[in-house]
Number of protein chains: 2
Amino acid sequence: MAEPIDFYFDFSSPYSYLASEKIDALAGRFDREVRWHPILLGVIFKGLGTLPLVRQPGMHDYSLRDFVRSARFLDVPFRMPMRFPVATVAAARAYYWLHDRDGALARQFAHAVFRAYFAEGHDISEPSSVLHMAALLGVEPAPLSSALEEPAIKERLRKETDAAIALGMFGAPWIVVDGEPFWGADRLPQVERQLERGGF
Amino acid sequence: MAEPIDFYFDFSSPYSYLASEKIDALAGRFDREVRWHPILLGVIFKGLGTLPLVRQPGMHDYSLRDFVRSARFLDVPFRMPMRFPVATVAAARAYYWLHDRDGALARQFAHAVFRAYFAEGHDISEPSSVLHMAALLGVEPAPLSSALEEPAIKERLRKETDAAIALGMFGAPWIVVDGEPFWGADRLPQVERQLERGGF
């Protein structure tokens with residue numbers, strides 16, 4: 001099997017959510033695995049001095065429209081959250097802690113977080129919400145709750161975000177196939193071409 | 001026949017060039033005409049306080065890569081110009097002057113300008129280059145040359161750019177189908193969906 005695809009995302013990014021619903025199946029058609037990497041997009045924006053799309057001049061209304069249309073185009077359930085964007089540090093830390101214990105469970109958790117936020121209108125930013133989402137998958141709250149404040153898990157998320165920055169990530173999702181970076185759910189057809197032909 | 005599609009673009013915008021090679025055929029499949037509107041994207045950026053993608057923090061190298069890949073993906077010849085972006089005021093004025101005389105010729109001229117710049121490595125910013133490109137299509141240089149400085153033509157381009165701003169345009173290309181705006185050559189599949197179903 002060829003090298004895995006790297007999928008960098010923030011749980012508060014609508015286009016990351018859309019890509020999250022498609023990327024494993026797409027990669028699977030080419031016998032590829034996907035490594036999921038939740039990171040903190042706010043840290044990246046701060047480093048670059050940039051803003052989320054919805055806060056860029058002139059782009060607010062268009063972006064909201066494009067989220068909805070893009071979701072329908074990809075046939076993914078979507079409802080714009082009332083609070084947006086939100087902090088995703090607890091969800092991202094929880095992901096890595098779960099991943100070190102059970103990769104498949106971490107993947108299920110990531111889907112649950114994205115869907116809770118972008119399809120079901122739930123909060124995902126509070127640690128209590130994160131514990132609740134994990135509990136629905138059978139994860140005991142107490143050890144996860146302490147894990148969220150462990151230095152090792154904090155450091156893990158910092159390292160993943162730093163790795164994304166080193167790869168040139170400036171927006172989400174950021175998908176790397178054999179060294180070739182693709183930005184945005186709208187680049188999934190090009191990711192497919194890359195997987196199919198090994199280049200452009 | 002239903003209402004025409006409006007296609008707002010700048011001759012110096014790579015994604016506008018890519019869209020320009022596809023939009024008429026796409027619209028034609030749904031019995032639609034396309035109204036082409038060259039505008040000055042720099043004026044729009046200045047009004048918003050924004051920058052071209054290649055000058056946005058972190059986006060330079062990725063954008064250049066994405067131009068090339070997107071062109072290959074759409075099967076459009078593309079070579080990144082040495083000088084980029086360039087002033088397109090003369091080309092845009094020439095377009096409107098030609099359009100008032102011969103719509104089909106203006107369309108040919110627009111294709112010639114885009115291809116000269118993005119496929120053949122020629123300058124398109126100097127009035128002399130614009131006159132040369134028009135001459136290759138049989139347009140006499142002298143009347144076009146004076147037209148480029150006529151107040152009515154200057155005003156026409158200003159009005160078209162103002163209209164684009166009023167429509168919410170913040171980037172190019174900007175494609176409006178039945179009141180629904182789409183930004184970018186990568187939204188052509190969504191434009192197609194809009195044409196096919198009349199909505200999302």
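Quick caveat: nothing in here was measured; it's all calculated off a predicted structure. (Residues numbered from 1 in each chain as written. Chains lettered and ligands numbered in written order. Predicted model: local features only at pLDDT ≥ 70, side-chain atom pairs only at ≥ 80, totals over all residues. Heavy atoms only, no water.)

### So, the overall build of chain A
Each helix and strand counted, chain A has ten helices and four strands in total. Overall, chain A shows an N-to-C arrangement of helices and strands of β-α-α-β-α-α-α-α-α-α-α-β-β-α. Evaluated residue by residue, chain A yields a buried proportion of 52% over its 200 residues. Taking the contacts inside chain A whose residues are at least 6 apart along the sequence as the reference set, 72% of them involve residues at least 24 apart. Just so you have it, chain A exposes about 9,000 Å², and 53% of that area is on carbon and sulfur atoms. Computed over 22 positive and 26 negative side-chain charges, the inter-centroid distance for chain A is 5 Å. (Helix = DSSP H or I, 4+ residues; strand = E, 2+ residues; numbered from the N terminus. Buried < 20%, exposed > 50% of the residue type's maximum accessible area, 1.4 Å probe, protein only. Contact = heavy atoms within 4.5 Å. Areas by Shrake-Rupley, 256 points an atom, 1.4 Å probe, with all protein chains shown as cover. Lys, Arg positive; Asp, Glu negative; His and termini not counted. Charge placed at Lys NZ, Arg CZ, Asp CG, Glu CD.)

### Focus: the pairing of strand 4 (residues 180-183) of chain B
Side-chain positions along a regular strand alternate between the two faces of the sheet. Residue and element names in this part refer to chain B. Pairing of strand 3 (residues 174-177) with strand 4 involves four bridges; the strand directions are antiparallel. Within the sheet, the bridge partner assigned to V177 lies in strand 4 and is E180. The turn joining strand 3 and strand 4, which pair antiparallel and follow one another in sequence, is formed by two residues; a positive phi near 50° is taken by D178. (Pairing = 2+ DSSP bridges.)

### Thoughts on the relation of the copies chain B and chain A
Mapping chain B onto chain A calls for a rotation angle of 180° and an axial translation of 0.0 Å; the resulting RMSD is 0.0 Å. Considering both components of the superposition, the chain copies are consistent with a two-fold axis. Residue B:D186 of chain B places its C-alpha closer to the rotation axis than any other residue of that unit, at 3.5 Å. An overlap of 100% is found between the interface residues of chain B and their copies at the interface of chain A, pointing to a shared contact surface. (Least-squares fit on C-alpha atoms with pLDDT ≥ 70 in both.)

### As for the confidence of the model for chain A
When pLDDT is averaged along chain A, the result is 97, and 100% of the positions lie at 70 or above. Reported for the predicted complex are a pTM of 0.97 and an ipTM of 0.95. (pLDDT = per-residue confidence, 0-100.)

### Concerning the packing of helix 5 (residues 89-101) of chain A against helix 9 (residues 151-166) of chain A
Relative placement of two packed helices is described by the angle separating their axes and the distance separating the axes. Residues and elements named next belong to chain A. Between helix 5 and helix 9, whose axes approach to 9 Å, the crossing angle comes to 105°. If you check the angle between helix 5 and helix 9, you find them roughly perpendicular. Each of V89, A92, R93, Y96, W97, H99 and D100 in helix 5 lies in contact with helix 9, whose residues at this interface are I153, K154, R156, L157 and E160. Partitioned by chemical class, the residues of the contact of helix 5 with helix 9 number six nonpolar, one polar and five charged. (Axes fitted to C-alpha atoms, helices over the stretch in contact; angles between N-to-C directions. Parallel < 35°, antiparallel > 145°, perpendicular 65-115°, else oblique. Nonpolar A, V, L, I, M, F, W, Y, C, P; charged D, E, K, R; others polar.)

### Some details on the interface of chain B and chain A
At the interface, 28 residues of chain B touch 28 residues of chain A. With both chains or domains summed, chain B and chain A bury close to 2,700 Å², and 55% of this area falls on carbon and sulfur atoms. Summed over the shared surface of chain B and chain A, the result is eight salt bridges. Ionic pairing is found between A:D186 and B:R187, a salt bridge with its closest N-O pair at 2.9 Å. For the side of chain B that touches chain A, the elements supplying multiple residues, two or more each, are helix 4 (60-73), strand 4 and helix 10 (188-197) of chain B. Residues of the side of chain B that touches chain A, tallied by class, amount to 13 nonpolar, seven polar and eight charged. (Buried area = accessible area lost by both parts, 1.4 Å probe. Salt bridge = Lys/Arg side-chain N within 4 Å of Asp/Glu carboxyl O.)

### A few points about helix 9 (residues 151-166) of chain B
Residue and element names in this part refer to chain B. Between its terminal C-alpha atoms helix 9 stretches 22 Å, which fits the 22 Å expected from 16 residues at 1.5 Å a residue. All of the buried residues in helix 9 are I153, L157, E160, T161 and A164. Along helix 9, the residues classed as buried sweep out an arc of 95° about the axis, all on the same side. Relative to its buried face, helix 9 has exposed residues pointing more than 90 degrees away, namely P151, A152, K159 and A166. The inward-facing, buried residues of helix 9 abut strand 1 (5-9), strand 2 (34-38), helix 3 (41-48), helix 5 (89-101) and helix 8 (141-147). One or two residues past the end of helix 9 sits G168, with phi positive at roughly 95°. (Expected span 1.5 Å × (residues − 1). Arc of directions from axis to C-beta.)

### Considering the side chain of B:S70
Here B:S70 is to be found in helix 4. In this structure B:S70 touches A:R187, A:Q190, B:Y15 and B:L18, once residues within four positions along its chain are discounted.

### Digging into the pattern of salt bridges
Oppositely charged side chains can form a pair if their charged atoms are brought close together. One pass over the structure, following the stated rule, counts 34 salt bridges over all chains. Residue B:R115 pairs with B:E21 through a salt bridge whose shortest N-O separation is 2.7 Å. Placement of the pair is B:R115 in helix 6 (residues 103-118) and B:E21 in the loop between helix 1 (14-20) and helix 2 (23-29), with a sequence separation of 94 residues. Judged by its relative accessible area of 24%, B:E21 falls in the partly exposed class. Connected via shared salt-bridge partners are A:R65, A:D66, A:R69, A:E180, A:D186, A:R187, B:R65, B:D66, B:R69, B:E180, B:D186 and B:R187.

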